[in-house]
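Secondary and tertiary structure notes
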Amino acid sequence: MYMHDLETRQNMRKQPERADFECFRIEGARSAEQSAESEQRVARSIRGIEADKNKQRGIQMEKETAIKFENVSKIYKLKRKDKDVQKDQKTQYFYALKDISFDVKKGQVLGILGTNGSGKSTMALVLSGIASPDEGEITVNGEQALVAINTGLNKELTGLENIKLKGALLGLTEKRIGEITEGVAEFAEIGDFLYQPVKKYSSGMKSRLGFSINLCLDPDILIIDEALSVGDKGFAHKCLDRMKELKEEGKTIIFISHSLPQVREFCDTAMWLEGGKMKEYGTIDEVCDHYAEYIERYNTLTKAEKKAEREEKFKDRIIKNRKVSLMDRLFG
């Protein structure tokens, strides 16, 4: 009897202890759950802030970027004339440009260097939107204009008619076209040839007209492809002076040239194209120095060695086992 009462009293004392422990356990679980929810809310908030920051950075980068190339390639077709080549092997495809990636910031002046056949003129056509890439993506923020010999001019029309045609295609008013015409006449300095068909122009005069038209159109991005390599040095110097003014105004300029001195003087960054690939992209002095060393080495080669090097580069650009598309069959 005594032992039973003692056990009962002990159990009664333990029950409140168990109840207190159970309450403590439940409260602890609730607290842990609330803490976890709080941490999740904080994590979601941080992710949201980071997403907003990334979005703002993307918008800012887009505002700062004039041109962006992402794995861009341009493919051309060649017809082989070898008599011993089978009919189904008469057509070859090769990379004029292969897997090119780079950014150009707004206000940047980029010089593009490369030997003959390296892909510079193709790059100019793709940059200006005249040619579309076959692979990769291109982003261009701004109106671009290409200045190149024999590009953008109708040979059957007079210089004046070419100015009016260009303005009409861009949707300019007659008043604005008239202003541009005055500016072109003053800058090009070709006199009465402005009223003559372009087919009667020399290479230098075509360059003067094309350069002057695009300068007066005031594009956001100016692409110059060897346009200063023809004509007199006085006009080339005049063009460089005007380009320096555009540079100070914050225009984006792509300057494609064989002239290392001109590229060094005018550009702040440089790209070296070779065999359709981007060999180097960086600061002006570094890229120009490396390109100059390459040209110096190349010029020491014999004719046979130069030919072998060119053929090796071309073989590397050929696309083997490329399937001919329906469009190629219809329009090729």
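Data block above holds the structure.
Note that the structure is a prediction, hence the values are computed from the model and not measured.

Moving on to the sheet that holds strand S5 (residues 144-148). Consider a sheet: its strands pair through backbone hydrogen bonds, and that pairing is either parallel or antiparallel. Pairing within the open sheet is mixed, and its six strands lie in the order S5-S6-S7-S3-S8-S9. If you trace the sheet from one side to the other, it starts and ends with S5 and strand S9 (277-283), each paired once. Across the sheet, the mean angle separating the axes of adjacent strands is 15 degrees when strand polarity is ignored. Packed on one face of the sheet, helix H8 (residues 284-298) meets strand S3 (109-113), strand S8 (269-274) and S9 and runs near 135 degrees to S9.

In this section: the packing of helix H5 (residues 203-216) against helix H6 (residues 233-248). H6 packs onto H5 with a crossing angle of 15 degrees between their chain directions and a minimal axis gap of 12 Å. One way to sum up the angle between H5 and H6 is to call them roughly parallel. Crossing of H5 against H6: the hand is left-handed. Together, Arg-208, Phe-211, Ser-212 and Leu-215 of H5 and Phe-235, Cys-239, Arg-242, Met-243 and Leu-246 of H6 make up the contact between the two elements.

With that settled, consider the environment of Gly-167. For Gly-167, the location among the structural elements is in helix H3 (residues 159-169). Considered as a pair, Gly-167 and Ile-180 are 13 residues apart in the sequence and their alpha carbons are 8.5 Å apart. Apart from residues no more than four positions distant in its own chain, Gly-167 is found in contact with Leu-172 and Ile-177.

Here we come to the nonpolar core. In terms of nonpolar packing, the biggest core is built from 29 residues, with Phe-211, Leu-222, Ile-224 and Phe-266 touching the most fellow members. Counting residues per element, this core draws most heavily on H8, which supplies six residues. Among the nonpolar cores identified, the runner-up in size contains 23 residues, and Ile-100, Ala-124, Leu-127 and Ile-256 belong to it.

Moving on, we get to the pattern of salt bridges. Per the counting criterion, the structure on display carries 16 salt bridges. In this structure, Asp-134 engages Lys-74 in a salt bridge whose closest nitrogen and oxygen atoms are separated by 3.7 Å. Of the two residues, Asp-134 sits in the loop between helix H2 (120-128) and strand S4 (135-140) while Lys-74 sits in strand S1 (residues 65-79), which places them 60 residues apart along the sequence. Assessed through its relative accessible area of 42%, Asp-134 is described here as partly exposed. Judged by relative accessible area, which is 11%, Lys-74 ranks as buried. Among the ionic pairs, Arg-176 bridges to Glu-179, the shortest N-O distance being 3.4 Å. Here the residue Arg-176 and the residue Glu-179 both occupy positions in helix H4 (residues 174-188), the gap between them amounting to three residues, near one helical turn. The exposure class assigned to Arg-176 is partly exposed, which follows from its relative accessible area of 29%. You can call Glu-179 partly exposed: its relative accessible area is 40%. Each of Glu-274, Arg-297, Glu-309 and Lys-313 takes part in a single network of salt bridges with overlapping partners.

What counts, and at which threshold
Residues numbered from 1 in each chain as written. Predicted model: local features only at pLDDT ≥ 70, side-chain atom pairs only at ≥ 80, totals over all residues. Heavy atoms only, no water. Pairing = 2+ DSSP bridges. Helix = DSSP H or I, 4+ residues; strand = E, 2+ residues; numbered from the N terminus. Axes fitted to C-alpha atoms, helices over the stretch in contact; angles between N-to-C directions. Contact = heavy atoms within 4.5 Å. Parallel < 35°, antiparallel > 145°, perpendicular 65-115°, else oblique. Left-handed = near helix turned anticlockwise from the far one by under 90°. Core = buried A, V, L, I, M, F, W, Y, C linked by side-chain atoms within 4.5 Å. Buried < 20%, exposed > 50% of the residue type's maximum accessible area, 1.4 Å probe, protein only. Salt bridge = Lys/Arg side-chain N within 4 Å of Asp/Glu carboxyl O.

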